[in-house]
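# Structure assessment
Now for the letters of each chain:
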Amino acid sequence: MSEGEAGLAAIFRRLIANTGPISLMHYMGESNARYYNGRDPLGDEGDFITAPEISQMFGELIGLWLADLWIRAGRAEPVHYVELGPGRGTLAVDAMRTARRYGLEPRVHFVESSTALKEVQLRALPGAFWHDSLTSVPQDGPVLIVGNEFLDALPVRQLVMTAQGWRERMIGLDGDRLVPVAGQQPMDAAVPEARREAAPGTIIETCPGAAAIVYEAAGRLVAQGGAALLIDYGHEAIRDGSTLQAVRAHSRVDPFAAPGEADLTAHVDFATLASIAQSRGAKWLGTVPQGQWLRSLGIETRAQSLAAYAPQHADAIRSATERLIGEGQMGLLFKVMGLASPDWPDGVGF
Ligand code: SAH
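Predicted model only: the values in this text are computed from it and were never measured.

This part takes up the packing of helix α10 (residues 299-309) against helix α11 (residues 314-325). With their axes 9 Å apart at the nearest point, α10 and α11 run at an angle of 165° to one another. Considered as vectors, α10 and α11 are oriented roughly antiparallel to each other. Like other packed secondary-structure pairs, α10 and α11 cross with a definite hand, here right-handed. Of the residues in α11, those touching α10 at I299, E300, A303, L306 and A307 are A314, I317, T321, L324 and I325.

Printed below as a string of structure tokens:
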């Protein structure tokens, strides 16, 4: 057991013993803040691997998509590339290298909370600007916003139907173990009327942080121009159930066993986020499976030309492509949601 694990689990136990159960949202927020702040979790040696770390093609095609749209929108300057939770900065490096070939050289802004990852990002893109939230991103030109596996890390709130009605899902103690329990406070008023009747045990999950960020991003698109690509695993229709999961060393683990030592994520509810963006006046370009989106941007052609250039890597390139677009891999579960300013053209692939 590492110090961090003992540390956060012990803090939660003490807090719960003294003041009662804490909300799942509080639990997930604190756990992920601790988790990301202290480490670089990406790659084979870490806990999980993401699309930009699988292949340079992922970031390149995003750079191409952004450049195409920016050119057709009239090449406005200044223009800002804003990445949410950029990890190692790999996506930004690949996207900016490609965009530059088409004359798009935006200022680079990173919204990042992790001290450890900021250091890695600084080495990858020394000229970038760092922000705690979108609020401090400049307002003087269009914004090209990208987030890959960012929204899924934001804390979710869960409501559970009990014999006494709807309650918030909390984390309590069973001896020394952290376990989910139903809260005391009636929460029926927080459930939309159409979903209020439900069988005991039904769970409704929402992500207020994701809603807030999409609300703000959409407002920026409307006010400043620009477009956004949000890529994550998730669903296109609203549905019930908990999607909370924890991953450590590339395996699923119990989300309540070692807070701060495993990556906690939940599926992104793209349907709700699209309607929030539209309610602010932004244009929803669509939400499509990652495989389909990458294919329409020409990933297979790009893979062939990379393999022709470096035949010794042809097998690796083929298997990376399959990982990104294969239906049993990331191609179907991961979705790409596109948003744009109402004055901007539609993007490729939606
Ligand atoms: N986009 C990268 C990394 C994904 S991991 C990739 O695809 O490889 C999630 C990223 O979001 C990390 O950089 C993490 O530090 C960051 N992050 C998580 N919660 C955050 C928060 N509340 N505010 C800002 N960044 C956050």
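After that view, the rundown keeps rolling.
Moving on, we come to the pairing of strand β16 (residues 334-340). Counting buried residues in β16 gives 7 out of 7 residues, a clear majority hidden from the surface. Where burial is concerned, the two faces of β16 agree: the one with F334, V336, G338 and A340 and the one with K335, M337 and L339 are both buried. Where strand β10 (residues 226-235) and β16 come together, 7 bridges link them in antiparallel fashion. By the bridge assignment for β16, A228 is matched with L339. Pairing analysis gives 6 bridges linking strand β15 (residues 283-289) to β16, with the strands arranged antiparallel. From the neighbouring strand, T287 faces β16, where its bridge partner is M337.

Quick look at the site of the ligand now. Surveying the vicinity of the ligand reveals 15 residues, the closest of which are T50, G85, G87, E112 and N148. Note that an oxygen atom of the ligand is positioned 3.1 Å from one of the backbone N or O atoms of G87. Residue N148 places a side-chain N or O atom 2.7 Å away from an oxygen atom belonging to the ligand. Contact with the protein chains hides 90% of the accessible area of the ligand, taken as 570 Å² for the molecule alone. When atom positions are compared with the pocket grids, the ligand is found to occupy the largest pocket. Each residue belonging to the shell around the ligand can be placed in one class, and the counts come to 7 nonpolar, 6 polar and 2 charged.

Turning next to the nonpolar core. Residues I62, W65, Y81, W293 and L324 are the most contacted members of the largest nonpolar core, which totals 49 residues. Among the elements that make up this core, the one with the highest residue count is helix α4 (residues 56-72) (9 residues). Once you skip the residues sitting within four places of it in the chain, W293 turns out to touch I62, W65, L229, V288, V336, V348, G349 and F350. Membership of the second largest hydrophobic core comes to 44 residues, among which are I145, L151, A262 and V268.

With that settled, the discussion passes to the packing of aromatic side chains. Throughout the structure, instances matching the rule amount to 8 aromatic pairs. Consider the rings of Y27 and F256, whose centres lie 5.6 Å apart with planes at 50°: the pair is tilted. Of this pair, Y27 sits in helix α2 (residues 24-37) while F256 sits in the loop between β12 (251-253) and β13 (263-265), placing them 229 residues apart in sequence. Note on W65 and W293: the rings are 6.3 Å apart at their centroids and 55° apart in plane angle, and the pair reads as tilted. You can see W65 sitting in helix α4 and its partner W293 sitting in helix α9 (residues 290-296), a full 228 residues away along the chain. Pair check on accessibility: W65 and W293 agree, each one buried. Here the aromatic cluster, defined as three or more aromatic residues joined through ring pairs, consists of F12, Y27 and F256.

Viewed as axis vectors pointing N to C, helix α7 (residues 208-224) and helix α8 (residues 270-279) meet at an angle of 35°, and their least axial separation amounts to 8 Å. For the pair α7 and α8, the crossing hand works out as right-handed. The segment α7 lies against α8, with A210, A211, V214, Y215 and A218 engaging L273, I276 and A277. For the contact of α7 with α8, a count of residues per class yields 8 nonpolar, no polar and no charged.

To continue, consider the environment of V93. Here V93 shows up in helix α5 (residues 90-101). Taking the relative accessible area as the measure of exposure, V93 reaches 29% and is therefore partly exposed. Taking the C-alpha atoms as reference points, V93 and G59, separated by 34 residues in sequence, lie 7.6 Å from one another. Leaving out residues up to four positions away in the same chain, V93 has contacts with A124 and L125.

What counts, and at which threshold
- Residues numbered from 1 in each chain as written.
- Predicted model: local features only at pLDDT ≥ 70, side-chain atom pairs only at ≥ 80, totals over all residues.
- Heavy atoms only, no water.
- Axes fitted to C-alpha atoms, helices over the stretch in contact; angles between N-to-C directions.
- Helix = DSSP H or I, 4+ residues; strand = E, 2+ residues; numbered from the N terminus.
- Parallel < 35°, antiparallel > 145°, perpendicular 65-115°, else oblique.
- Left-handed = near helix turned anticlockwise from the far one by under 90°.
- Contact = heavy atoms within 4.5 Å.
- Buried < 20%, exposed > 50% of the residue type's maximum accessible area, 1.4 Å probe, protein only.
- Pairing = 2+ DSSP bridges.
- Near = heavy atom within 4 Å.
- Polar contact = N/O pair within 3.5 Å; in protein donor to acceptor, adjacent residues only side chain to side chain.
- Areas by Shrake-Rupley, 256 points an atom, 1.4 Å probe, with all protein chains shown as cover.
- 1 Å grid on protein atoms, 1.4 Å probe; cavity = no way out; pocket = protein on both sides within 12 Å on 5 of 7 lines; lining within 4 Å.
- Sits in = over half its atoms within 2 Å of the grid points.
- Nonpolar A, V, L, I, M, F, W, Y, C, P; charged D, E, K, R; others polar.
- Core = buried A, V, L, I, M, F, W, Y, C linked by side-chain atoms within 4.5 Å.
- Phe/Tyr/Trp six-rings, centres within 6.5 Å; stacked < 30°, edge-to-face > 60°.

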